[in-house]
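Spelled out from the first residue to the last, the chains are:
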Amino acid sequence: MRYSAFSIVKNALTGNVNWKPAWRQPEPKPFYDIIIVGGGGHGLATAYYLAKEFGLKNIAVLEKGYLGSGNVGRNTTIVRSNYMLPGNEPFYEFSMKLWEGMEQDLNYNAMLSQRGIINLYHNDGQRDAYIRRGNAMWMEGVPAELLDRAALKKMLPFLNFDHARFPIMGGLLQKRGGTARHDAVAWGYARAADRLGVYLLQNCEVTGIRRENGVVTGVETSRGFIGCSKLGLAAAGNTSRVGQMADLKLPIESHVLQAFVTEGLKPAIDHVITYGAGHFYISQSDKGGLVFGAEIDGYNSYAQRGNLATVEHVMEEGVTMIPGLSRVRVLRSWGGVMDMSMDGSPIISHTPIDNLYLNCGWCYGGFKATPASGWCFAHLIAKNESHPVARFLRLDRFERGYPIDEHGAGPQPNLH
Amino acid sequence: MASLISCPHCGTRPKEEFSIRGDASVLRPDPEASDEAWNDYVHIRANPRGRYREHWQHVAGCRRWLVVERDTMTHEVYSVTDGAVAAREAAR
């Protein structure tokens, strides 16, 4: 069923009993041409673009829980393309452009809201760094705007401009950045992929990768053996565990990142705002809750829960930036398992095994990349060559000495 | 993560006194070792779900480097050893 204003009216008049499930619940077939491991945003988008853009059939997505049960439903929903390095910026801008057409393409309301993202700066050095980043964006054709203190005061009067240690001097604005409804992105891709014949196999955990003569022949799962001629891994925080099944050596550590949401408020924060003196970022959801987060906890973890010391630190950062937050009550907090790479940038790559492809290393920036990650991974799997905008995101860049280190933090995952 | 860590020198202390560096299982290779050995040391991680040995420093206490063995899924802490002692044990 195609979703439209007409379908809403028609179903409302008939008591809303005729809505069909958004996707099927098929039984696994014994063999697929392509299997994608991981039914999150990236895995579902990959399957969708494989079917839609590359015309491929006989594709399955294997998900150990339910669709969208991982990080795609556990993030702070920010989309942006304000990166600096040539290996990153064209890729994220490609993603931003896909976001802008995605809802029409999928026939699904992902509630994309291009409300603008503002990175605050607090000293001259940081201002210069943002000018440099803004210029790097312009060189890739991405508009960026530097806001001075007066302009910012007009837009965001609630900020703590005169903080003694970290006064706010201005910010870098990307107007096209914003937020999207994270679950709806997973659901939209799932529904659209299902309509193109992709098998979405839930509660189907991969327990082994079978290989013969150096190539993958299929996967052992909790629902039996399933054969395939190409296998793509998009397992995010569990990448190392799945990779180990194929003896891959990976530059990945799994870390926990927490996020928070407050009680619903009247519209108060119109943009996405990030703090320059820490790692705090905040926006307001359409439901009214303030959604925010900050750094990873800083230690390896597969548990989807974090540490109280980090909670306190996040709250302190938030109140330092926006003193009015001190009177808002937090409703919920949660943790997600991040596949932190050694340079803070992602991997969409071949592996040493010919028909095994890898999509991982999203650190905590995976959500904004969902469409481009899916598209570029599909391109890699379908054509067996990298998409031009993802050509730097190779697994072997580490051993070759070409890291893409946006922060200049070195090979220390808990610093990215 | 456990809230309290038993430092072998300072006794039971809050976790916030410690700084976590990362994986203690990788060992620095010889300066003349192959590129592959160095790549493995600098970049490649086993990243297990379960038992894990990690370098911690007691920055707000004795300032000694410690090896904390813990579980990355349950966050249970099994043992805390002084780094030098752990290195001697490993060399034995």
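Residues numbered from 1 in each chain as written. Chains lettered and ligands numbered in written order. Predicted model: local features only at pLDDT ≥ 70, side-chain atom pairs only at ≥ 80, totals over all residues.

A. Inspection of the overall build of chain B at higher detail. Each helix and strand counted, chain B has 2 helices and 6 strands in total. Counted from the first residue to the last, chain B has its helices and strands arranged as β-β-β-α-β-β-β-α. Buried positions account for 18% of the 92 residues belonging to chain B. Restricting to contacts in chain B with at least 6 residues of sequence separation, those with at least 24 account for 45%. (Helix = DSSP H or I, 4+ residues; strand = E, 2+ residues; numbered from the N terminus. Buried ≥ 20, exposed ≤ 12 C-beta atoms within 10 Å, placed from the backbone. Contact = placed C-beta atoms within 7 Å.)

B. Summary view of helix H2 (residues 41-52) of chain A. Residues and elements named next belong to chain A. In this model, H2 (12 residues) spans 16 Å end to end at C-alpha, consistent with the 16 Å of a helix rising 1.5 Å per residue. With 11 of 12 residues buried, H2 lies mostly within the body of the structure. Along H2, the residues classified as buried are Gly 41, His 42, Gly 43, Leu 44, Ala 45, Thr 46, Ala 47, Tyr 48, Tyr 49, Leu 50 and Ala 51. In this structure, the buried side of H2 is in contact with strand E1 (31-37), strand E2 (59-62), helix H6 (182-195), strand E11 (224-233), strand E18 (356-360) and helix H9 (366-383). (Expected span 1.5 Å × (residues − 1).)

C. Geometry of the interface of chain A and chain B. Counting residues at the interface gives 22 residues for chain A, matched by 17 residues for chain B. Elements supplying a minimum of two residues to the side of chain A that touches chain B: helix H7 (239-244), strand E12 (252-264), strand E15 (289-300) and helix H10 (397-400) of chain A. When the residues that make up the side of chain A that touches chain B are grouped by side-chain class, the tally is 10 nonpolar, 8 polar and 4 charged. (Nonpolar A, V, L, I, M, F, W, Y, C, P; charged D, E, K, R; others polar.)

D. Local environment of the sheet that holds strand E16 (residues 330-341) of chain A. All names here are of chain A. Taken in spatial order, the 8 strands make up an open sheet running E5-E6-E4-E13-E14-E15-E12-E16, and their pairing is mixed. With partners counted over all chains shown, the strands left at the sheet margins are strand E5 (145-148) and E16, one partner each. Pairs of neighbouring strands in the sheet enclose a mean axial angle of 25 degrees, with direction left out of account. The sheet contact formed by E5 and strand E6 (residues 170-174) spans 4 bridges and is antiparallel. (Pairing = 2+ DSSP bridges. Axes fitted to C-alpha atoms, helices over the stretch in contact; angles between N-to-C directions.)

E. Representation of the confidence of the model for chain B. With 100% of its residues at a pLDDT of 70 or more, chain B shows a mean pLDDT of 95. The complex model carries a pTM of 0.96, and its ipTM stands at 0.94. (pLDDT = per-residue confidence, 0-100.)

F. Geometry of the domain arrangement of chain A. Residues and elements named next belong to chain A. Domain parsing of chain A yields domain 1 (29-81 + 83-108 + 182-252 + 343-415) and domain 2 (117-177 + 254-341). Centre-to-centre separation of domain 1 and domain 2, based on C-alpha positions: 27 Å. Residue-level contacts link 32 residues of domain 1 with 30 residues of domain 2. For the side of domain 1 that touches domain 2, the leading source of residues is helix H3 (residues 89-106), giving 4 residues. Class assignment for the residues of the side of domain 1 that touches domain 2 results in 15 nonpolar, 12 polar and 5 charged. (Domains from an automatic or database assignment.)

G. Structural detail: the packing of H3(A) against H9(A). Residue and element names in this part refer to chain A. Running from amino to carboxyl end, H3 crosses H9 at an angle of 100 degrees, the nearest separation of the two axes being 7 Å. Comparing their axes, H9 and H3 come out roughly perpendicular. Of H9, the residues touching H3 (which contributes Phe 91, Tyr 92, Phe 94, Ser 95, Leu 98, Trp 99 and Met 102) are Lys 368, Ala 369, Pro 371, Ala 372 and Trp 375. Considering only residue class, the contact of H3 with H9 consists of 10 nonpolar, 1 polar and 1 charged. (Parallel < 35°, antiparallel > 145°, perpendicular 65-115°, else oblique.)

H. Highlighting the environment of A:Met315. Structurally, the position occupied by A:Met315 is in helix H8 (residues 308-321). Separated by 94 residues in the primary sequence, A:Met315 and A:Thr221 have C-alpha atoms spaced 42 Å apart.

I. Representation of the nonpolar core in the model. A:Ile35, A:Leu44, A:Ala47, A:Tyr189 and A:Ala193 are the most contacted members of the largest nonpolar core, which totals 119 residues. Here this core takes 9 residues from H9(A), the largest share from any one element. Residues lining this core come from more than one domain, with at least three contributed by each of domain 1 (29-81 + 83-108 + 182-252 + 343-415) and domain 2 (117-177 + 254-341) of chain A. What A:Leu44 contacts, discounting residues up to four positions off in sequence, is A:Gly39, A:Val61, A:Leu67, A:Ala186, A:Tyr189, A:Ala190 and A:Ala193. Among the nonpolar cores identified, the runner-up in size contains 9 residues, and B:Phe18, B:Trp56, B:Val68 and B:Ala86 belong to it. (Core = buried A, V, L, I, M, F, W, Y, C linked by C-beta atoms within 7 Å.)

J. Broad picture of the environment of A:Leu172. All names here are of chain A. With respect to the helices, strands and loops of the structure, Leu 172 is situated in strand E6. The sequence separation of Leu 172 and Asn 119 amounts to 53 residues, and the corresponding C-alpha distance is 5.1 Å. Ignoring sequence-local partners within four residues, the contact set of Leu 172 consists of Asn 82, Asn 119, Tyr 130, Arg 133, Gly 134, Ala 144 and Leu 146.

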